[in-house]
Structures are given as structure tokens and as C-alpha cells.
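Next come the chains, spelled out residue by residue.
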Amino acid sequence: MPADRNLACRCGAMHWTIAADTPGTHVECYCADCQTFARHLKAVDWLDAAGGTEIFQTLPSAVRFTEGEDNLRLLRLSPKGLMRWYAGCCGTPIANTLATPGMPFVGMILKPGTPGFGPVVTHANVGAALKPVRQSGIARAVFGVLARALRAKLTASGRATPFFGADRAPVVAPEILTLAERDAARPPKAG
Ligand SMILES: [Zn+2]
Ligand SMILES: [Zn+2]
């Protein structure tokens, strides 16, 4: 039986796991916003050579914070941007979610080359990549998100999430970047 996948922030204060049996899609996202997030956190070592962010798209119910959860912080690049979660202790990127928990979705951010998630099967938003990358696997990623969410929504345990409270609000208040802060962290090829 495969083991749970244990991850930690770079300073070691925060630990979290992704359940072993949870299906997901291993994606590399090259979009300017993912790059901006990592650059703002000064976590450029979480980007690959082409500016890609490695993401394991799965269900929030598979994610459990096991240590240092009080360090969890939340950032939005703009008032309507994705919820981008990170470790406040050391600026390690952790995850992306939508703004509300209605759609059971999380993109768990992986340091490039993290073992235990199989090969990258989707290369998305390659237009903002810093080197030429071929787009691939988009339909597979979209179908994966929808199929997992549909199944998960049928049960209370499937809808569980560590990122939102029972009141459907995020467990920590988001910090929203100013335009100046966002522009300062934009990657070279941002459109
Ligand atoms: Zn840390
Ligand atoms: Zn992205």
C-alpha cells in the first residue's frame, strides 16, 4: 500500500500530508500568476527552469496539516484572484484553492522533483513559460478536477477541507497584494 505523502515547509515548522489513496493530476503550470506568487514569496526555487510550478490537483479532503498549522497564511494577487496558501514562517508555497469551498478542488504546490506523485501529465499556460514548452494534457486535467469534485460532493467527508471553516470563510483572512507589490513580482514574460 502506498504511504501518505508527507510535505514540509523549508524551515520545518509546518508539516502536511496528502493521503496516499487520493487520486489527482500532476500538473506543471507556467502561468504568470503562479510565477508571481512564488516570486513574491522569494521562493523561486519552487519554480522550474521554465518558470513552471509543479502542482498536484486533488481534493482538499485529502490534505491534513499535521504540525504548525498556525503558520498558514493566505494571499491573493488581486481582490478576485485565486486563494494562494503559504507557510508564513518561511514563505514556502503550499496550495491554491478557489475563493469558496463549493467546488472541492485544491492544487497542492510541490517543490520541483518532489517524489511520490508520478510523472507530470499536464503542461498548462505555456505562453508565459520562460523557455519553449509544449502544452499537453489540458483536457485530462479539466476532466480530473470535475470528476473528482462530482464524486466528492456526494458525501460530507468528500466536501471536508482544512482551508475553509464551517462558515465557508477561509480559515485565515487573505492579504491582497497592492498593484505595486504585484507588479514588483511579475515574471519577465507576463502578458
Ligand atoms: Zn516554515
Ligand atoms: Zn498557474
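For the structure given in this document, a descriptive report is provided here. (Residues numbered from 1 in each chain as written. Chains lettered and ligands numbered in written order. Predicted model: local features only at pLDDT ≥ 70, side-chain atom pairs only at ≥ 80, totals over all residues.)

So, the sheet that holds strand β9 (residues 106-110)
Right, so step 1: Across the sheet, 8 strands lie side by side as β10-β3-β4-β9-β8-β7-β6-β11; this open sheet has mixed pairing. Edge positions in the sheet fall to β10 (122-124) and β11 (175-176), since each has one partner strand and no second.
Right, so step 2: Here 5 bridges tie strand β7 (residues 83-87) to strand β8 (residues 92-97), and the two strands are oriented antiparallel to one another. Directly across from Arg 84, in β8, lies its bridge partner Asn 96. (Pairing = 2+ DSSP bridges. Helix = DSSP H or I, 4+ residues; strand = E, 2+ residues; numbered from the N terminus.)

Some thoughts on the sheet that holds strand β1 (residues 5-8)
Right, so step 1: The 3 strands lie next to each other as β1-β2-β5, forming an open sheet whose pairing is antiparallel. Only two strands of the sheet have a single neighbouring strand rather than two, namely β1 and β5 (63-67). Mean inter-strand twist for the sheet, computed between neighbouring axes without regard to direction, equals 30°.
Right, so step 2: One ladder, built from 4 bridges, connects β1 with strand β2 (residues 15-18); its direction is antiparallel. Counted as the bridge partner of Arg 5 is Ile 18 from β2. (Axes fitted to C-alpha atoms, helices over the stretch in contact; angles between N-to-C directions.)

Thoughts on the pairing of β7
Right, so step 1: In terms of burial, β7 is largely enclosed, as 5 of its 5 residues are buried.
Right, so step 2: Burial along β7 is two-sided: the face carrying Met 83, Trp 85 and Ala 87 and the face carrying Arg 84 and Tyr 86 are both buried.
Right, so step 3: Two elements, strand β6 (residues 72-76) and β7, share 4 bridges in a ladder whose sense is antiparallel. If you follow Arg 73 over to β7, its bridge partner there is Tyr 86.
Right, so step 4: Once β7 ends, the chain turns through 4 residues before running back antiparallel as β8, passing Gly 91 with a positive phi of about 75°. (Buried ≥ 20, exposed ≤ 12 C-beta atoms within 10 Å, placed from the backbone.)

Considering helix α1 (residues 32-40)
Right, so step 1: In terms of residue burial, α1 counts as a mostly covered element, since 8 of its 9 residues are buried.
Right, so step 2: Ala 32, Asp 33, Cys 34, Gln 35, Thr 36, Phe 37, Ala 38 and His 40 are the residues of α1 that are buried.
Right, so step 3: Residues of α1 that are buried in the fold lie against β3 (25-29), β4 (53-58), β6, β7, β8 and α4 (179-185).
Right, so step 4: Looking one or two places after α1, you find Lys 42, whose phi comes out positive at around 60°. (Contact = placed C-beta atoms within 7 Å.)

Details of the nonpolar core
Right, so step 1: By size, the foremost hydrophobic cluster in this structure holds 47 residues, and its most contacted members are Cys 29, Tyr 30, Ala 38, Ile 55, Trp 85, Met 108 and Ile 109.
Right, so step 2: Once you skip the residues sitting within four places of it in the chain, Ile 55 turns out to touch Val 27, Cys 29, Gly 107, Met 108, Ile 109 and Leu 110. (Core = buried A, V, L, I, M, F, W, Y, C linked by C-beta atoms within 7 Å.)

Section: unusual backbone geometry
Right, so step 1: Phi angles above zero are rare outside glycine, and Lys 42 is one such case at about 60°.
Right, so step 2: Within the secondary structure layout, Lys 42 lies in the loop between α1 and β4.
Right, so step 3: When the 11 C-beta atoms within 10 Å are taken as the criterion, Lys 42 is described as exposed.
Right, so step 4: In this model, Asn 125 sits at a positive phi of 55°, which is unusual for a non-glycine residue.
Right, so step 5: Within the secondary structure layout, Asn 125 lies in the loop between β10 and α2 (138-152).

By themselves, these are just geometric observations and shouldn't be taken as functional.
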